[in-house]
Each structure stands twice: as structure tokens, then as C-alpha cells.
Amino acid sequence: PVSVRVCSEETPVPPAREPRRTAGDSGEAGQALDKYWHEDCLKCACCDCRLGEVGSTLYTKANLILCRRDYLRLFGVTGNCAACSKLIPAFEMVMRAKDNVYHLDCFACQLCNQRFCVGDKFFLKNNMILCQTDYEEGLMKEGYAPQVR
């Protein structure tokens, strides 16, 4: 059960100049759900993490104030990895190739298992992720039909 937080301090909350941000411990406040909040009172309704610090991102939905992780856990879309077919939680970082979604650990050449680094070329052939070497070798073969090693 998740409940909406109401600022319980009796100290008046001064208006903030920028919504959803606060500035240090000077008594300034953040804004969420059309209300102003003390910095220490602006917390995720699920995990209680503080959201009042400058630069913190918060999400509101269904009258809840949430951190990114809990927002995605409650309202995000889950799917299955195109390589291992296991569930990918909505809050997990992923790699994408066209309509396919992959766990970061699964995003590798499906023939030689070479992991890709930032900037590496990869190819999607017959819905398989391939490194440049395996892709080029496949092109040289007649009737390209790769077999997973």
C-alpha cells in the first residue's frame, strides 16, 4: 500500500522559484502535485528516498510522488530479451536494435559471443545480432544461414 505524503511540519513552506527543485537547507522548498514541500518532506511514496535535492528527478502519477526507479517499476512497460527470452524489468537499462530489446549482458554477437563496446559496429541479420567479422563472413557464404555456436 502506497500513501500520499503530506508535509507534516507546521513551518510554512516558502514558494520555490523553480518547481521540483530546492536549494540547500535554507528552508526553501520543492513543488510536486501542485503543492510546495519542505526539502526533507519531499520523498518517494514507495522507497522513501529524498527527492528534494537540487537536480533530483521526480515523477507524479495517480496522486503519487515517485523516484524514477519506483515510477518505472509501477507504471513502466516490461518485456522479454530478444536473446535470452527472460523478462526485462521496466527500470533496467537496455540495448535496442530495431524492434528488439536486450539486457546489457545479452547484447553480444550471437555467433561468437563477442561483447560490444561503445562505438563498435554491429549488424542485425535474420533477427540476430552479429559482429562485423561474422556478418562479413556470412555475406561471403552462399545462402547465408548462420548457425549459433
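Note: the structure precedes this text.
Residues numbered from 1 in each chain as written. Predicted model: local features only at pLDDT ≥ 70, side-chain atom pairs only at ≥ 80, totals over all residues. Heavy atoms only, no water.

## Section: the overall build of the protein
Here's step 1: In terms of helices and strands, the protein carries 2 helices and 10 strands.
Here's step 2: The contacts in the protein between residues at least 6 apart in sequence include a share of 26% that link residues at least 24 apart. (Helix = DSSP H or I, 4+ residues; strand = E, 2+ residues; numbered from the N terminus. Contact = heavy atoms within 4.5 Å.)

## Here's the deal with helix α2 (residues 132–140)
Here's step 1: All buried positions along α2 are accounted for by Asp-134, Tyr-135 and Gly-138. Buried residues of α2, seen end-on, are gathered within an arc of 100° and therefore sit on one face of the element. More than 90 degrees from the buried face of α2, the exposed residues found are Leu-139 and Met-140.
Here's step 2: The inward-facing, buried residues of α2 abut β9 (122–125) and β10 (128–131). (Buried < 20%, exposed > 50% of the residue type's maximum accessible area, 1.4 Å probe, protein only. Arc of directions from axis to C-beta.)

## Comments concerning the pattern of salt bridges
Here's step 1: All told, the structure shown has 1 salt bridge when counted by the stated rule.
Here's step 2: Where Asp-105 meets Arg-115, a salt bridge forms, and the shortest distance between an N and an O atom there is 3.7 Å. Of the two residues, Asp-105 sits in the loop between β8 (100–103) and β9 while Arg-115 sits in the loop between β8 and β9, which places them 10 residues apart along the sequence.
Here's step 3: For Arg-115, a relative accessible area of 46% puts it in the partly exposed group. (Salt bridge = Lys/Arg side-chain N within 4 Å of Asp/Glu carboxyl O.)

## Some thoughts on the nonpolar core
Here's step 1: Tyr-102, Phe-107, Cys-109, Leu-111, Phe-116, Ile-129 and Leu-130 are the most contacted members of the largest nonpolar core, which has 14 residues in total.
Here's step 2: When contributions to this core are tallied by element, the ones reaching two or more residues are β8 and β10.
Here's step 3: Ranked by residues supplied to this core, first place goes to β10 with 4 residues.
Here's step 4: When near neighbours in sequence (up to four residues on either side) are disregarded, Cys-109 contacts Gln-114, Phe-116, Ile-129, Leu-130, Cys-131 and Asp-134.
Here's step 5: Core analysis: the next-biggest nonpolar cluster, separate from the first, contains 11 residues, Leu-42, Cys-44, Leu-64 and Leu-66 among them. (Core = buried A, V, L, I, M, F, W, Y, C linked by side-chain atoms within 4.5 Å.)

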